[in-house]
Amino acid sequence: MLLMTLMAAALAVAQPAQPVQSGGASATLTQPREVRQSLDGRSWNCNGGGECVGRGGGTTQPLMRECRRFVTRFGPVSAYSREGLALTEAEIGQCNSDSLVRAGRQPSL
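What you see is a predicted model, and the numbers here were worked out from it, not measured in a lab.

Here we look at the packing of aromatic side chains
Next up, step 1: As enumerated under the stated definition, the model contains 4 aromatic pairs in all.
Next up, step 2: A centroid spacing of 4.6 Å and a plane angle of 50 degrees characterise the contact between phenylalanine 70 and phenylalanine 74, whose relative ring orientation is tilted. In this pair, phenylalanine 70 and phenylalanine 74 both sit in helix α2 (residues 63-74), 4 residues apart, roughly one turn of the helix.
Next up, step 3: Owing to a relative accessible area of 0%, phenylalanine 70 belongs among the buried residues under this scheme.
Next up, step 4: Grouping aromatic residues by their ring pairs yields a cluster made of Trp44, Phe70, Phe74 and Tyr80.

Quick look at the structure:
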């Protein structure tokens, strides 16, 4: 019994915490800064290290479009995911370049 309890405790410690809950999203800014703003029905909170967590259901849209809108508002990213779906490195590059070209401007600070 003690052995089973210790094994269960070890497995619980070994499991990484999931920062994004259902309906949430996450991103990592390439130019870290603190941000607290809403975008498309999601409340975004980015810490000084550039890690961003979006809470709330957000609007229904493809992941790439959501990334483009995020980059247009907050700046380029090195990662973007929503509800267990993550953009690949190539998709991240496309998201960053497409967003800033379409916006025709630098991200707001």
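Back to the write-up after that little detour.
Overview of empty space enclosed by the protein
Next up, step 1: Counting across every chain of the model gives 1 cavity of 30 Å³ or more.
Next up, step 2: If you trace the largest cavity, you find it lined by Leu39, Asp40, Arg42, Trp44, Gly58, Thr59, Gln61, Glu66, Phe70 and Tyr80.
Next up, step 3: Of all the elements in the fold, those that place two or more residues in the lining of the largest cavity are β3 (42-46) and α2.
Next up, step 4: A per-class count over the lining of the largest cavity returns 4 nonpolar, 3 polar and 3 charged.

About the criteria used
- Residues numbered from 1 in each chain as written.
- Predicted model: local features only at pLDDT ≥ 70, side-chain atom pairs only at ≥ 80, totals over all residues.
- Heavy atoms only, no water.
- Phe/Tyr/Trp six-rings, centres within 6.5 Å; stacked < 30°, edge-to-face > 60°.
- Helix = DSSP H or I, 4+ residues; strand = E, 2+ residues; numbered from the N terminus.
- Buried < 20%, exposed > 50% of the residue type's maximum accessible area, 1.4 Å probe, protein only.
- 1 Å grid on protein atoms, 1.4 Å probe; cavity = no way out; pocket = protein on both sides within 12 Å on 5 of 7 lines; lining within 4 Å.
- Points joined across faces, edges and corners; volume = space filled by probe spheres on them.
- Nonpolar A, V, L, I, M, F, W, Y, C, P; charged D, E, K, R; others polar.

Treat this as a map of the structure, not an account of what it does.
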